[in-house]
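Residue-level structure breakdown
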Amino acid sequence: MSKLLKGGVVVTARGRLQLDVRIDGEKIVEMGTNLPQAGAEVEDVTGRYLLPGFIDAHTHLELNNGPGTQGSADNFYTGSKAAVAKGTTTVIDMATPTKGQSLQECLAVWNNFAEHTSSCDYTYHMSIIEWNEAIKKEIAEMIDQGITSFKMYLAYDNLRVTDGELFEAMVELQKQGAMLGVHCENGDLVNEKIHQLLAAGKTTPHYHPLSRPDAIEAEAVERYLMIAKEAGLTVNIVHLSTRRSLEAVRRARKRGQQLFVETCPQYLLLDDSVYDQPNFLGAKFVCSPPIRKITDQKALWEGITDGSINTISTDHCSFNFAGQKTLGVDDFSKIPNGMPGVETRPELIYTAGVDTGRITLEKMVALLSENIARQFHLFPQKGILQEGSDADIVVWDPDKAGLISAATQLQNVDYTPYDGFVTKGAAEAVYLRGEKVAENGAVLKEKQGRFVYRKIPVTE
Ligand SMILES: [Zn+2]
């Protein structure tokens, strides 16, 4: 039986319109005013917004961050459930091989994590952590299997590549039409700063942001963009966090360079005073790049308003405070890097962005769904509500009040960086390919997620 969502206001990146939405099977088959019931199961959504399911293009639902950390607190089961409960219907997870592992082997590992487990649809960015002829050959093989985006690192000694390797990879990715996202921090300088601080006995979380100042990111952004220009590749900058990096982006665009910029809620909502919380609690906020200054936060909101920033994803990478973050109690550099966030992004951005009048709801749809879908070859299957698209629909109640709390969250981790945040606006119901999978923050049907096969459009 088909479903008819009646009386809601459909919002896209370009506007809003009161439209009924008919769902048949997994797809939206008809949109219009006063659609006839015609045997359909009717859902009255008067007074609600109908938004395209949110896409989180930056999660680490399964991360083994080295010996002793026992891997991330969340896994595909818990993380995807937390995501879909609040309106995120697709995640693009970071598939990260170990040294010597082929991309194909890594893909099999990630499929094993997600298949029959994920509660939202999913795909992956494949990480390239070393460069050789075999890996080069595998890029086309990944694309054939629907993996059209890749990730590389300029920091973290176990993941980063040299500038030469980066350039060679970019040339190949350009040839194949693929998308690349890069973690931009100067790894050599990070190592040097950490060494200096620790040698001076500066070991608490307070020093984490001082070990990775804005220049370390901005330099890497500038260099990455220069190298991408040489390779002729349109690139993505993941988790951009500072005013200086944004200036580098604007310079590059002025030169005529095409690129995309992602930021994350933590850089828009928190500032570096979090690292001064007593009793080692600052460790909860240790992620890289670190939480920045108020001036950076302001610059990022401006970047969102003026279109310099294209997408907001979370960099969700959760570690428990007890037993994991505490590994770095005597040395901030041993605190596992990352924070939870896949669950809270829609409510946070609606509250801090839309409800305050900083951005429109249309802009939020662009930042959390449509722009991501377009950039990562998911559009128009995902990222928009229109005839023929997947019926991934968030029924959004703009007035619903909420409180973010570690005690009630679905993320499987013992804290949230937003504990005590009062929110306004929430997903009342979430449809995944036509199926109502969540209601009022609770998951009704779990493990309904599927791998999304992506194809690089020929016109690009
Ligand atoms: Zn990340």
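Residues numbered from 1 in each chain as written. Predicted model: local features only at pLDDT ≥ 70, side-chain atom pairs only at ≥ 80, totals over all residues. Heavy atoms only, no water.

**A look at the coordination of the zinc ion**
To be explicit about the condition: Atoms of type N, O and S within 2.8 Å of a metal are treated as its donors, and for Na, K and Ca the window is 3.2 Å; water is not considered, so some sites may appear to be missing partners. Burial classes: relative accessible area under 20% of the type maximum marks a residue as buried, over 50% as exposed, and values in between as partly exposed (1.4 Å probe, protein chains only).
Donor atoms from the polypeptide that bind the zinc ion are His58 (NE2), His60 (NE2) and Asp315 (OD), placed at 2.1 Å. Read in sequence order, the donor residues coordinating the zinc ion give the pattern H-x1-H-x254-D. Here His58 falls in the buried class, since its relative accessible area comes to 0%. Look at His60 and you get buried, because its relative accessible area is 6%.

**Brief notes about the packing of aromatic side chains**
Each aromatic ring pair is described using two quantities: the centre-to-centre distance and the angle formed by the ring planes. What counts is decided by this rule: Here a pair means two rings of Phe, Tyr or Trp (six-membered ring of Trp) with centres within 6.5 Å. Their orientation is stacked below 30 degrees between planes, edge-to-face above 60, and tilted elsewhere. Helix numbering and strand numbering both begin at the N terminus, where a helix is a DSSP run of H or I of at least 4 residues and a strand a DSSP run of E of at least 2. Criterion for a charge above a ring: Arg CZ or Lys NZ at most 6 Å from the ring centre, at most 35 degrees from the ring normal.
Using the criterion set out here, one finds 10 aromatic pairs in the structure. Here Phe54 and Trp396 contribute two aromatic rings whose centre-to-centre distance is 6.1 Å and whose plane-to-plane angle is 90°, an arrangement assigned as edge-to-face. You can see Phe54 sitting in strand β8 (residues 54-59) and its partner Trp396 sitting in strand β16 (residues 393-403), a full 342 residues away along the chain. There is no split in this pair, since Phe54 and Trp396 are both buried. Seen from their ring centres, Tyr124 and Phe451 are 6.0 Å apart, and the 40° between their planes marks the pair as tilted. Of this pair, Tyr124 sits in strand β10 (residues 121-127) while Phe451 sits in the segment after β19 (442-443), placing them 327 residues apart in sequence. Taken together, the ring pairs in this structure connect Phe76, Tyr122, Tyr124 and Phe451 into an aromatic cluster. Here the guanidinium or amino end of Arg358 rests over the ring plane of Trp301, the centre of that ring lying 4.4 Å away. Note that Arg374 overlies the ring of Phe379, its terminal NZ or CZ placed 3.9 Å from the centroid.

**Thoughts on the nonpolar core**
What counts is decided by this rule: The nonpolar core is taken to be a set of buried Ala, Val, Leu, Ile, Met, Phe, Trp, Tyr and Cys residues, with the residues joined through side-chain atoms within 4.5 Å. Where each domain begins and ends is defined by an automated method or by a domain database.
Grouped together as the largest cluster of nonpolar side chains are 108 residues, with contacts concentrated most on Phe150, Leu166, Met170, Leu180, Tyr224, Ile237 and Met364. Among the elements that line this core, the one with the most residues is helix α7 (residues 214-231), at 8 residues. Residues from two domains meet in this core; each of domain 1 (2-51 + 383-443) and domain 2 (54-375) gives at least three.

**Considering the domain arrangement of the chain**
So the rule is basically this: Accessible surface is computed with a 1.4 Å probe, and the buried area is the amount of it that two parts give up when combined, taken over both parts together. Criterion for a salt bridge: a side-chain nitrogen of Lys or Arg within 4 Å of a carboxyl oxygen of Asp or Glu. Two N or O atoms count as a polar contact when they lie within 3.5 Å, although within protein this holds only if one can serve as hydrogen donor and the other as acceptor, and sequence-adjacent residues are included solely when both atoms are side-chain atoms. The classification used treats Ala, Val, Leu, Ile, Met, Phe, Trp, Tyr, Cys and Pro as nonpolar, Asp, Glu, Lys and Arg as charged, and all other residues, Gly among them, as polar.
Looking at the assigned domains, one finds that the chain contains domain 1 (2-51 + 383-443) and domain 2 (54-375). Interface area for domain 1 against domain 2, summed over the two sides, is near 3600 Å², with a carbon-plus-sulfur share of 62%. Remark: the boundary between domain 1 and domain 2 carries 4 salt bridges. Here Asp121 ties to Arg433 by a salt bridge, and the two come within 2.7 Å at their closest N and O atoms. Here domain 1 and domain 2 share 16 residue pairs in polar contact (both at pLDDT 80 or more) between them. Among the elements of the structure, β2 (9-12), β3 (15-18), β7 (49-52), β16, β17 (422-432) and β18 (435-439) are those that each provide at least two residues to the side of domain 1 that touches domain 2. Among the elements that take part in the side of domain 1 that touches domain 2, β17 stands out by supplying 9 residues, more than any other. Taken together, the residues of the side of domain 1 that touches domain 2 break down into 24 nonpolar, 10 polar and 6 charged.

**A short note on the sheet that holds β7**
Across a sheet, strands are paired by hydrogen bonds formed along the backbone, either parallel or antiparallel in direction. As a reminder, the rule being used: The pairing criterion for strands is at least two bridges between them, as found by DSSP.
Strand order across the open sheet formed by 7 strands is β3-β2-β7-β16-β17-β18-β19, with mixed pairing between neighbours. Both outer strands of the open sheet, β3 and β19, are each paired with one neighbouring strand and no more. Bridge count for β17 against β18 is 4 bridges, and the pairing is antiparallel. Within β18, the position partnered with Leu432 by the bridge is Glu435.

**Some points on the state of the cysteines**
Rules: Two cysteine sulfur atoms form a disulfide, by the criterion used here, when they sit within 2.5 Å.
Applying the stated criterion across every chain, the model contains 0 disulfides. With no disulfide of its own, Cys120 lies 16 Å from the sulfur of Cys317, the closest cysteine sulfur. Under the relative-accessibility criterion, Cys120 is labelled buried at 0%. Considering cysteine sulfurs only, Cys287 is the nearest to Cys264, which forms no disulfide, with 8.2 Å between them. Judged by relative accessible area, which is 0%, Cys264 ranks as buried.

**Remarks on helix α1 (residues 76-85)**
This is how it is decided: Pairs of residues are marked as contacts when any of their non-hydrogen atoms sit within 4.5 Å.
Counting buried residues along α1, 8 of its 10 residues qualify, which places the element largely inside the surrounding structure. Within the span of α1, buried status applies to Phe76, Thr78, Gly79, Ser80, Ala82, Ala83, Val84 and Ala85. In this structure, the buried side of α1 is in contact with β9 (88-95), α2 (103-114), β10, β17, β18 and β19. Looking at where α1 begins, the residue whose side-chain oxygen comes 3.0 Å from the main-chain nitrogen of Tyr77 is Asn75.

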